[in-house]
Amino acid sequence: MATIPDVRGQGHDRDLLHACFDHMRAKEASLLWCNARVVAPDFYKHLGLQTIGPEFDIEGIGPHYVMWKAVV
Ligand SMILES: CC(C)(COP(=O)(O)OP(=O)(O)OC[C@H]1O[C@@H](n2cnc3c(N)ncnc32)[C@H](O)[C@@H]1OP(=O)(O)O)[C@@H](O)C(=O)NCCC(=O)NCCS
């Protein structure tokens, strides 16, 4: 997930994730997870996700955490 630098901080990713949460509810899906780059957990935590497990490396991309959220 990324927004182009010129429009960061304007709520676009927040709106996109909330649209994902709404889509999940419509499909009765309740668990969201992702691999988050180590620079991103604070952003995802702000939107209700939490980390699980240790930092790990994705070859060629870099260090990540698994993050998840129960969507109800
Ligand atoms: C991380 C990223 C996707 C955020 O996108 P964005 O469009 O700037 O985020 P938004 O403007 O929608 O921010 C949503 C909320 O998160 C907060 N937020 C944004 N970045 C944050 C950060 N690094 N730490 C904590 N909170 C953050 C905002 O203040 C905003 O709060 P609000 O809802 O109270 O107003 C963007 O900075 C980016 O593209 N970074 C580079 C690519 C990257 O690292 N992606 C993650 C890969 S897993």
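Above this note sits the structure.
## Some points on the environment of Gly-62
Here is step 1 of the chain: Topologically, Gly-62 is positioned in strand β3 (residues 62-70).
Here is step 2 of the chain: Gly-62 gets classed as exposed once you count the C-beta atoms within 10 Å, which come to 10.
Here is step 3 of the chain: Between the C-alpha atom of Gly-62 and that of Ala-29, which follows or precedes it by 33 residues, the distance is 29 Å.

## So, helix α1 (residues 12-26)
Here is step 1 of the chain: Over its 15 residues, α1 extends 21 Å from the first C-alpha to the last, a length consistent with the 21 Å expected when each residue adds 1.5 Å.
Here is step 2 of the chain: For α1, the tally of buried residues reaches only one of 15 residues, placing the bulk of the element at the surface.
Here is step 3 of the chain: Looking one or two residues beyond α1, the residue adopting positive phi is Glu-28, at roughly 60°.

## A short note on the site of the ligand
Here is step 1 of the chain: In the region of the ligand, 17 residues are neighbours, and Ala-2, Arg-8, Asp-13, Arg-14 and Asp-42 sit closest.
Here is step 2 of the chain: Listed by contribution, the elements that provide at least two residues to the shell around the ligand are α1, β1 (31-37) and α2 (41-46).
Here is step 3 of the chain: For the shell around the ligand, the class distribution of residues is six nonpolar, six polar and five charged.

## So, the environment of Ile-58
Here is step 1 of the chain: Here Ile-58 is to be found in strand β2 (residues 50-58).
Here is step 2 of the chain: Between the C-alpha atom of Ile-58 and that of Trp-68, which follows or precedes it by 10 residues, the distance is 18 Å.
Here is step 3 of the chain: Residues within four places of Ile-58 in sequence aside, it is in contact with Asn-35 and His-64.

## Remarks on the nonpolar core
Here is step 1 of the chain: Counting residues in each nonpolar core, the largest one holds five residues, listed as Ala-36, Tyr-44, Leu-49, Tyr-65 and Met-67.
Here is step 2 of the chain: If near-sequence neighbours (up to four positions away) are discounted, Tyr-65 is found in contact with Ala-36, Val-38, Pro-41, Thr-51 and Glu-55.

## Some details on the pairing of β3
Here is step 1 of the chain: Here β1 pairs with β3 via seven bridges, running antiparallel. Note that in β3 the partner of Leu-31 across the bridge is Ala-70.
Here is step 2 of the chain: Both β2 and β3 contribute to a ladder of six bridges, which runs antiparallel. By the bridge assignment, Asp-57 is partnered in β3 with Pro-63.
Here is step 3 of the chain: Here β2 folds back onto β3, and the loop between the two strands holds three residues, one of which, Gly-60, carries a positive phi near 85°.

The rules we used
Residues numbered from 1 in each chain as written. Predicted model: local features only at pLDDT ≥ 70, side-chain atom pairs only at ≥ 80, totals over all residues. Helix = DSSP H or I, 4+ residues; strand = E, 2+ residues; numbered from the N terminus. Buried ≥ 20, exposed ≤ 12 C-beta atoms within 10 Å, placed from the backbone. Expected span 1.5 Å × (residues − 1). Near = placed C-beta within 6 Å. Nonpolar A, V, L, I, M, F, W, Y, C, P; charged D, E, K, R; others polar. Contact = placed C-beta atoms within 7 Å. Core = buried A, V, L, I, M, F, W, Y, C linked by C-beta atoms within 7 Å. Pairing = 2+ DSSP bridges.

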